[in-house]
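Results of the structural survey
Listed here are the chains, written in short residue letters.
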Amino acid sequence: MTLSVSRPAAARRPVAAGAWGWAERQRVLVDLDRRVRTPMATSRRISLLSLAGGTGTSTIAAGTAAVAAGRRGTPVLAVDACGAAEGLAAGLGFAPDQRLTLPDPVRADPQTVAEASHGLATRDHLRYLGLGHPASASWPASVEEWRASTASIGRFFPLVFIDWGRRRDLRDIADIARASHAVCLVADADRAGLAGATSLVAAIRGESHRPDVVVVLVDRARRGAAATRLRLGESDGRVLRVPFDAALASGTAPSRRTRRAMLAIAAELVEGAGARA
């Protein structure tokens, strides 16, 4: 999936078509990097979910978590609450036998990051916790199961990315929103997908603590320019549009444009609306 990276406010000035040159692109990338590295006073929980399957929620969760871990250089926790066989673990490059994480007595009462990471799949600064059932290729975890699995370890990680996959129960979505500092809604880049995302944004914005909301519209139908005309209301949340990327769908290494896309999405989710105000 690829994304046209939005320019920061300081760089938003009238330019002729094609005049966005190397220097300006570099300023944008440096600004996105700065935002991903935003210091956290407490653990920030970032939830990613969709109303429809196959929109790329796990791909975006894996990409943004990996970008954040690599850019920040501090431990980042990625949690698979979707429970799909070809989900977050596969997207992060972990082996199939690492998809589910077994209970560990050391994680029950950790005193250090090392103890909080004990038994988790690890790669560089990334830690992976997989929920689900060994007898099922698709076993979505409940909010209660997620809380029980992360209650003792979450505080050791400045960023926690949770892949919830497809969720249709509005009560379930409301519970996820209440437990999150930021929510990323992944939807198809068409009017039906936008309508579903709009209804969820309104519901999430109604929560008392008002988590940050980012909408990612994925152009699976390859509608191109038509997809870019879809808009949410100005106050409803941030919208990023992601054209379909055949390279990612085939499982090959992400392109430079795809890495920039994940960086832009991660910047929105990590920094939050408070820092933009």
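Residues numbered from 1 in each chain as written. Predicted model: local features only at pLDDT ≥ 70, side-chain atom pairs only at ≥ 80, totals over all residues. Heavy atoms only, no water.

Attention now moves to the overall build of the protein. On a plain count of helices and strands, the protein comes out with eleven helices and eight strands. Looking at the protein residue by residue over its 277 residues, the buried ones come to 49%. Within the protein, contacts between residues at least 6 apart in sequence are counted, and of these 76% link residues at least 24 apart. (Helix = DSSP H or I, 4+ residues; strand = E, 2+ residues; numbered from the N terminus. Buried < 20%, exposed > 50% of the residue type's maximum accessible area, 1.4 Å probe, protein only. Contact = heavy atoms within 4.5 Å.)

A word on the pairing of strand 2 (residues 76–80). When you tally the buried positions in strand 2, you get five out of five residues, the bulk of the element. In terms of strand pairing, strand 2 meets strand 4 (residues 126–130) through five bridges, oriented parallel. The residue of strand 4 that forms the bridge with Leu77 is Arg127. Bridge analysis of strand 2 against strand 5 (residues 159–166) gives five bridges, and the strand direction is parallel. (Pairing = 2+ DSSP bridges.)

Right, let's talk about the confidence of the model for the protein for a bit. Scored by pLDDT, the protein comes out at a mean of 84, with 82% of its residues at no less than 70. Contacts from residues 1–19, a stretch scored under 50 in pLDDT, to residues over four places away or in other chains number 46 contacts. (pLDDT = per-residue confidence, 0-100.)

This paragraph deals with the packing of aromatic side chains. In total, this model carries two aromatic pairs according to the counting rule given. A cation over a ring is seen here: Arg123 above Phe94, with NZ or CZ 5.6 Å from the ring centre. (Phe/Tyr/Trp six-rings, centres within 6.5 Å; stacked < 30°, edge-to-face > 60°. Lys NZ or Arg CZ within 6 Å of the ring centre and 35° of its normal.)

Backbone geometry places Asp124, a non-glycine residue, at a positive phi of 55 degrees. Mapped onto the secondary structure, Asp124 falls in the loop between strand 3 (121–123) and strand 4. By relative accessible area, Asp124 is classed as exposed at 67%.

As for its position among the elements, Asp188 is in strand 6 (residues 182–188). Sequence-distant contacts of Asp188, that is, excluding residues within four places in its chain, are made with Thr55, Gly193, Leu194, Leu217, Val218 and Arg220.

Spatial ordering of the open sheet is given by 3-4-2-5-1-6-7-8, a layout of eight strands whose pairing is mixed. Sheet topology places strand 3 and strand 8 (238–243) at the edges, where each strand pairs with a single neighbour. Looking at each pair of strands side by side, their axes are set apart by 20 degrees on average, direction ignored. Each of strand 1 (44–50), strand 2, strand 4 and strand 5 is contacted by helix 6 (residues 143–150), which is oriented at about 155 degrees to strand 5, the strand it contacts most. (Axes fitted to C-alpha atoms, helices over the stretch in contact; angles between N-to-C directions.)

The next subject is helix 2 (residues 57–72). Here helix 2 spans 22 Å end to end across 16 residues, near enough to the 22 Å set by a 1.5 Å rise per residue. Of all 16 residues that make up helix 2, twelve are buried, and the element is covered over most of its length. What helix 2 keeps buried is the set Thr57, Ser58, Ile60, Ala61, Ala62, Gly63, Thr64, Ala65, Val67, Ala68, Ala69 and Arg72. With its phi angle positive at about 70 degrees, Gly73 sits one or two positions after the end of helix 2. (Expected span 1.5 Å × (residues − 1).)

Another point: the side chain of Ser58. Here Ser58 is to be found in helix 2. Apart from residues no more than four positions distant in its own chain, Ser58 is found in contact with Gly87, Leu88 and Asp163.

Another point: the pairing of strand 6. Buried residues dominate strand 6, accounting for seven of its seven residues. Here strand 6 shows no split at all, with Ala182, Cys184, Val186 and Asp188 on one side and Val183, Leu185 and Ala187 on the other all buried. When strand 1 meets strand 6, the two strands line up parallel, connected through five bridges. Looking at the pairing, Ser47 lines up with Val183 of strand 6. In the sheet, strand 6 pairs with strand 7 (residues 212–219) via seven bridges, with the strands oriented parallel. Counterpart to Val186 in the pairing with strand 7 is Val216.

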